[in-house]
Amino acid sequence: GLRSPRQDVVAWGVSGFGEFHPADWLTFRSITSYRQDDSATPIDFDALPAVDVDVPAFYNNNQFSQEIQFLVNSGNFNGLVGAYFLDAESRTVFDVRLPGTVTALTFGNVRTDTVAIFGDFTYDFNEMLSLSAGGRYTWDNRRSQVQRNVYLGASPFFGGTSNPIARQTDFRGSASFEQFTPRVSIAFKPDANNSFYFSYAEGFKGGGFDPRGVGTS
């Protein structure tokens with residue numbers, strides 16, 4: 001019984017890779033990418049004509065990223081240093097339609113900006129023994145807007161015209177996170193068929209916001 005919006009998913013992306021060799025021992029790389037997806041999704045949870053927890057929904061996401069790298073190859077010493085940037089936005093809009101034509105609208109928008117610098121270096125003492133060390137410093141910033149309103153009938157996003165009769169969530173917030181994550185490893189290769197190594201690394205994932213959060217119980 002839920003026919004609007006019509007199921008429609010469009011996703012696409014483009015990327016560009018460039019490489020330049022200013023010297024025999026030095027390589028410069030640039031990696032640029034853009035992605036976007038837009039989805040219109042009707043979800044009929046009870047699979048019946050009755051309006052009972054029917055959910056029309058829109059999802060929109062886009063992200064742009066840019067990475068640059070400098071690679072060094074000098075005999076026994078190899079290294080890489082670089083920087084990374086990401087700008088992303090994610091929007092969620094959906095109604096939850098209940099019996100009696102009451103609708104709960106959820107609108108969430110989260111924006112992410114990330115910057116990182118990194119480096120990784122390897123030194124080969126000989127054909128059997130090598131040591132690697134590196135690290136990355138990441139800065140994450142997120143901004144969020146979350147609203148949850150109750151309407152009589154559909155919300156304005158899905159054809160309704162009424163004002164909300166109740167507002168359960170009206171949230172705006174931001175948060176920043178930063179972390180240094182190291183990596184080190186040592187490898188020993190006694191012959192062509194065997195290799196032994198020890199590696200230690202740390203990871204990092206910034207926090208976020210729930211675009212479906214409810215501020216009242």
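Look up a bit, the structure's there.
It should be emphasised that the depicted structure is a prediction, and the values quoted were computed from it without experimental measurement.

1. Regarding the packing of aromatic side chains
Argument step 1. For the structure shown, the criterion picks out 9 aromatic pairs.
Argument step 2. Ring centres of F28 and F70 lie 5.0 Å apart, and the angle between their planes is 50°; on these two criteria the pair is classed as tilted. Within this pair, whereas F28 is found in strand 2 (residues 26-44), its partner F70 is found in strand 3 (residues 54-74), the two being separated by 42 residues in sequence.
Argument step 3. We classify F28 as partly exposed; its relative accessible area is 26%.
Argument step 4. On the accessibility criterion, F70 (34% relative accessible area) is partly exposed.
Argument step 5. Pairing F171 with F209 gives two aromatic rings, centres 5.8 Å apart and planes at 45°, and the pair type is tilted. In this pair, F171 sits in strand 7 (residues 166-191) while F209 sits in the segment after strand 8 (194-201), placing the two residues 38 residues apart along the sequence.
Argument step 6. Judged by its relative accessible area of 33%, F171 is partly exposed.
Argument step 7. The rings of Y137, W139 and F180 are connected pair by pair, giving a single aromatic cluster.

So, how was this worked out
Residues numbered from 1 in each chain as written. Predicted model: local features only at pLDDT ≥ 70, side-chain atom pairs only at ≥ 80, totals over all residues. Heavy atoms only, no water. Phe/Tyr/Trp six-rings, centres within 6.5 Å; stacked < 30°, edge-to-face > 60°. Helix = DSSP H or I, 4+ residues; strand = E, 2+ residues; numbered from the N terminus. Buried < 20%, exposed > 50% of the residue type's maximum accessible area, 1.4 Å probe, protein only.

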